[in-house]
Amino acid sequence: MKIYLVGFMGSGKSSLGKRLARKLEYAFTDIDQMVEETAGMPVIEIFEKMGADAFRKMEKEALLSTAGRSKLVVATGGGTPCHFDNMDFILDNGVAVYLKMSPVSLAHRLEYAQKARPLVQNRKGEELLAWVSEKLAERESFYSRAHCIIKGETVKPDQVISLVFGS
Ligand code: S3P
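Report on the accompanying structure. The written sequence of each chain sets the order in which its residues are numbered from 1. At least 70 in pLDDT is required for a residue's local features to be given in this predicted model, at least 80 for side-chain atom pairs to be given and counted, and no such filter applies to totals for whole chains, interfaces and linings, which use all residues. Neither water nor hydrogens contribute to the side-chain values; these are computed over all heavy atoms in the structure.

Each helix is a run of DSSP H or I of at least 4 residues and each strand a run of E of at least 2, with the numbering of both proceeding from the N terminus. A count of helices and strands for the chain gives 8 helices and 5 strands. Of the regular secondary structure in the chain, the N- to C-terminal order runs β-α-β-α-α-α-β-α-β-α-α-β-α. Compactness check: the chain gives a C-alpha radius of gyration of 15 Å against a globular reference of 15 Å for 167 residues, within 12% of the reference. A principal-axis box enclosing the C-alpha atoms of the chain has dimensions of 45 × 35 × 25 Å. Any residue under 20% of the maximum accessible area for its type is buried, any over 50% is exposed, and the rest in between are partly exposed; the area is computed with a 1.4 Å probe on protein chains only. Every one of the 167 residues in the chain was classed for burial, and the buried ones make up 47%. Across the chain, every contact between residues at least 6 apart in sequence was considered, and the portion connecting residues at least 24 apart equals 76%. Each accessible area is a Shrake-Rupley estimate made with a 1.4 Å probe; only the visible protein chains count as cover when residues are assessed. Carbon and sulfur atoms make up 51% of the accessible area of the chain, which amounts to about 8,300 Å² in all. Of note, the chain has its 23 positive side-chain charges centred 5 Å away from the centre of its 21 negative side-chain charges. Restricting the calculation to C-alpha atoms gives the radius of gyration, and the globule rule supplies 2.2 Å times the number of residues raised to the power 0.38. By definition in these notes, contact holds between two residues if any of their heavy atoms fall within 4.5 Å. Charge counting follows a simple rule: Lys and Arg are positive, Asp and Glu are negative, and His as well as the terminal groups are ignored. Lysine's charge is taken at NZ, arginine's at CZ, aspartate's at CG and glutamate's at CD.

Here it is as structure tokens:
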């Protein structure tokens, strides 16, 4: 069994994923981290030095490398399900859980996040909110193909467990 967490940047995929994996006694992996290890540099530098297309290819490779694994929780990147046929792969290889959040919550979290994100780097306030709203609207059709959709603002690992395994 594999659980793929999908959703916009800032929706809490990595922090929930770690807690979920601990509860289930599964391994945890993060697609961004896998790419960073392969490239030997942070995501922000990959975008700057190699470009977005190169990042998307490496992201796809990282995703495909989860195929043979089991008892695994995967935090995907915000763009992972929205490129190539990645969402088909996710749906075929595990249970996909979408952490759905409003643009206002996402923009707020992104504004105060520690993590350096190339796509939101220079955006703040109203401009950030407008950008998040537009990008989320573009991506919603990918995310919402997930097997389960859950409210990201308040999600707890136990909720995901009962959704995925039934309670
Ligand atoms: C991206 C999301 C990021 C990272 C990259 C691009 C996106 O991952 O993969 O900065 O296109 O939404 P997180 O969702 O983990 O921040």
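This next bit is on the packing of helix α4 (residues 52–64) against helix α5 (residues 86–93). The angle between two axes is taken between their N-to-C directions and runs from 0 to 180 degrees, where each axis is a line fitted to C-alpha atoms and a helix contributes only its stretch in contact. Orientation of α4 relative to α5, taken along the N-to-C sense of each, is 10°, at an axis distance of 11 Å. In this view, α4 runs roughly parallel relative to α5, as classed from their interaxial angle. When α4 is examined against α5, the residues K60, L63 and L64 are found in contact with a partner set consisting of N86, F89 and I90. Each angle receives one of four descriptions, namely roughly parallel if under 35 degrees, roughly antiparallel if over 145, roughly perpendicular if within 65 to 115, and oblique otherwise.

A separate point is the environment of K71. Within the secondary structure layout, K71 lies in the loop between α4 and β3 (72–75). A relative accessible area of 51% places K71 in the exposed class. For the pair K71 and T29, spaced 42 residues apart in sequence, the C-alpha to C-alpha distance is 11 Å. In this view, K71 contacts M1, Y26 and A27; residues no more than four positions away in its chain are not counted.

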